[in-house]
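Chain residues, written in single-letter form:
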Amino acid sequence: MTELQGLQATELVFPRLGLELNIESTAFTIAGISITWYGLLITLGMLLAMCYGFSNMRRYGIDPDRAIDGVIGGVIGGIVGARLYYVAFHWDSYAGNIKEILNIRGGGLAIYGGVIGALLAGGIVCKIRKVRLLPMLDIASLGFLIGQCIGRWGNFFNHEAFGSNTDGLFGMSSGQIQAYIAKHFTDGSVVTDRPVHPCFLYESLWCLTGFILLHLISRKWRKFDGQIFLLYITWYGFGRFWIEGLRTDSLYLGTIRVSQLVAAVSVVAGLILFFISLSHVKRMGTDYVLYCNTEESKKLLEEADQREAEYLRKKEEKKSKRQNTERNAGESETSEPEDSRDAGASEAENPEKEVEEVLEEILSEIEPTEPEEASNGNQNDENQEEN
């Protein structure tokens, strides 16, 4: 087993697995600004969630062009909500430094606040854009699981979101973790010379499993709009309630772990609403129709197809016009009179002729002076005879 004493701040170990890693929270630096792994992984999770969502929207009967505003609103609301939720339960740490509230590069985001913020902001924008909320929530739920699965690894790079001591296979420790334990657990309830639960890993795997299951259900057994969302809050709430009980850095409301309370409420509410909705759909029988099969949805998607076809047509016209313009310009530059080309070619091919023409010009300038000289010579001869 790896020795746990004297670990450096960035030295992270999994003793039972024999892994020793050097984990820095900073990925790289640009112009003096540190870019953290936490921020990169949160961003990556959002991007993958959006890619999955947009590629599946038509399956749920939603026009992606209309929904994009709701997605952007949800992302912004999620970030703001996650930060405000965290700050609200750590207000003593931020009361004297309001500027620090805006600094999220080093962590400090609460997932329940993010979900609540995304639902509120995204839901309002969807209402304005006339996007059906329930099927949109189904897609968003799967996106949440993708983002949570990947984003939790940001906690790994920050040496956070760990639990109490364990001798399990995945127990871990680091210099930063030991420093936190020594500072906050002076009563010895958690000790530094034993590994701790990697709660971030448990939650990441739980979200991955949930995504796989709900994705399969959405393809084969989706009976009503909103079903996947209710299963999501039930699944995630159940797992989070268990995992939160292991953590050492929970947010508290008095003596109650806030996340455990919210998780319990989510499970109970999700199950009740799920069975009520399922019973209602069964009573309606064939009268119930998923939104993706309604005339409204088909009409909106048809209009979206027409807009896309029109956009592609105009784009092709512009491309063709640009190519014709470039072709005509090229032809005008290369076209010359035939005789000019022939003359130029003959001159280039007969340099001797050019020399002869130059000599003729010189001689033509000299010849007019010869008769004058000759007449002067005759006059001199006559004068000599007279003398």
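Scroll up to find the structure.
Residues numbered from 1 in each chain as written. Predicted model: local features only at pLDDT ≥ 70, side-chain atom pairs only at ≥ 80, totals over all residues. Heavy atoms only, no water.

Focus on the overall build of the chain
Each helix and strand in the chain was counted, giving 14 helices and 7 strands. Out of the 387 residues belonging to the chain, those deemed buried represent 37%. Residue pairs in contact within the chain that sit at least 24 positions apart in sequence constitute 74% of those at least 6 positions apart. Summed over all atoms, the accessible surface of the chain reaches about 23400 Å², with 59% contributed by carbon and sulfur. (Helix = DSSP H or I, 4+ residues; strand = E, 2+ residues; numbered from the N terminus. Buried < 20%, exposed > 50% of the residue type's maximum accessible area, 1.4 Å probe, protein only. Contact = heavy atoms within 4.5 Å. Areas by Shrake-Rupley, 256 points an atom, 1.4 Å probe, with all protein chains shown as cover.)

A few points about a nonpolar patch on the surface
On the surface, a nonpolar cluster with roughly 400 Å² of combined accessible area is contributed by Leu17, Leu19, Leu21, Leu169 and Phe170. Relative to the helices and strands, leucine 19 resides in strand β2 (residues 19-22). (Patch = residues over 30% accessible without salt bridge, like charges linked within 9 Å, V, L, I, M, F, W, Y side chains within 5 Å. Salt bridge = Lys/Arg side-chain N within 4 Å of Asp/Glu carboxyl O.)

Description of the side chain of threonine 248
Looking at the element boundaries, threonine 248 is found in the loop between α9 (227-244) and β6 (252-253). Taking the relative accessible area as the measure of exposure, threonine 248 reaches 13% and is therefore buried.

Topic: empty space enclosed by the protein
The full count for this structure, using the stated rule, is 1 cavity of 30 Å³ or more. Counted as a void, the largest cavity has a volume near 50 Å³. What lines the largest cavity is simply Gly61, Ile62, Asp63, Arg66, Lys130, Val131, Arg132, Tyr291 and Leu300. Here the lining of the largest cavity is composed, by residue class, of 4 nonpolar, 1 polar and 4 charged. (1 Å grid on protein atoms, 1.4 Å probe; cavity = no way out; pocket = protein on both sides within 12 Å on 5 of 7 lines; lining within 4 Å. Points joined across faces, edges and corners; volume = space filled by probe spheres on them. Nonpolar A, V, L, I, M, F, W, Y, C, P; charged D, E, K, R; others polar.)

Things to note about the sheet that holds β2
Strand order in the open sheet formed by 3 strands is β2-β1-β5, and the pairing between neighbours is antiparallel. Here the strands that pair on one side only, and so sit at the sheet edges, are β2 and β5 (173-174). Judged from the 2 bridges that link them, strand β1 (residues 11-14) and β5 form a sheet pairing that is antiparallel. When the bridges of β5 are listed, leucine 12 appears paired with serine 174. (Pairing = 2+ DSSP bridges.)

Some details on the pattern of salt bridges
In this structure the tally under the stated criterion is 14 salt bridges. With a shortest N-O distance of 2.7 Å, aspartate 63 and arginine 307 are connected by a salt bridge. With aspartate 63 in the loop between α1 (37-56) and α2 (64-88) and arginine 307 in helix α11 (residues 295-334), this pair connects stretches of sequence that are 244 residues apart. One salt bridge in this structure joins arginine 129 and aspartate 69, with 2.9 Å as the shortest N-O distance. Residue arginine 129 is found in helix α4 (residues 111-129), and its partner aspartate 69 is found in helix α2; the two are separated by 60 residues along the sequence. A residue is classified by how much of its surface remains accessible, and arginine 129, at 31% relative accessible area, is partly exposed. Take aspartate 69: its relative accessible area is 33%, and that puts it in the partly exposed class.

Quick notes on the pairing of β1
By the bridge criterion, 4 bridges tie β1 to β2 in an arrangement that is antiparallel. Among the inter-strand pairings, glutamate 11 is bridged to a residue of β2, identified as asparagine 22. Counted between consecutive antiparallel strands, the loop separating β1 from β2 contains 4 residues, among which glycine 18 sits at a positive phi close to 70 degrees.

Some details on the environment of histidine 184
For histidine 184, the location among the structural elements is in helix α7 (residues 175-184). Assessed through its relative accessible area of 43%, histidine 184 is described here as partly exposed. In this structure the C-alpha to C-alpha distance between histidine 184 and aspartate 249, which are 65 residues apart in sequence, comes to 9.5 Å.

With respect to the packing of helix α8 (residues 199-220) against α9
Orientation of α8 relative to α9, taken along the N-to-C sense of each, is 160 degrees, at an axis distance of 10 Å. Put simply, α8 runs roughly antiparallel to α9. Judged by the twist between their axes, the crossing of α8 over α9 is right-handed. Taking contact as the criterion, the partners of Cys199, Tyr202, Glu203, Trp206, Cys207, Thr209, Gly210, Leu213, Leu214, Ile217 and Ser218 in α8 are, on α9, Gln227, Ile228, Leu231, Tyr232, Trp235, Tyr236, Phe238, Gly239, Arg240, Trp242 and Ile243. A per-class count over the contact of α8 with α9 returns 15 nonpolar, 5 polar and 2 charged. (Axes fitted to C-alpha atoms, helices over the stretch in contact; angles between N-to-C directions. Parallel < 35°, antiparallel > 145°, perpendicular 65-115°, else oblique. Left-handed = near helix turned anticlockwise from the far one by under 90°.)

Quick look at the nonpolar core
By size, the foremost hydrophobic cluster in this structure holds 55 residues, and its most contacted members are Met136, Met172 and Tyr232. Sequence-distant contacts of methionine 172, that is, excluding residues within four places in its chain, are made with Leu12, Val13, Phe14, Pro15, Phe162, Ile177, Pro195, Val196, Pro198 and Phe200. (Core = buried A, V, L, I, M, F, W, Y, C linked by side-chain atoms within 4.5 Å.)

A look at the layout of surface pockets
Looking at the second largest pocket, its volume works out to about 250 Å³. Around the second largest pocket sit 13 residues that line it, and Val115, Leu119, Phe229, Ile233 and Ser266 are the ones nearest its centre. Ranked by residue count, the leading element in the lining of the second largest pocket is α9, at 5 residues. Tallied by class, the residues present in the lining of the second largest pocket amount to 12 nonpolar, 1 polar and no charged.

These values are about where atoms sit, not about what they do.
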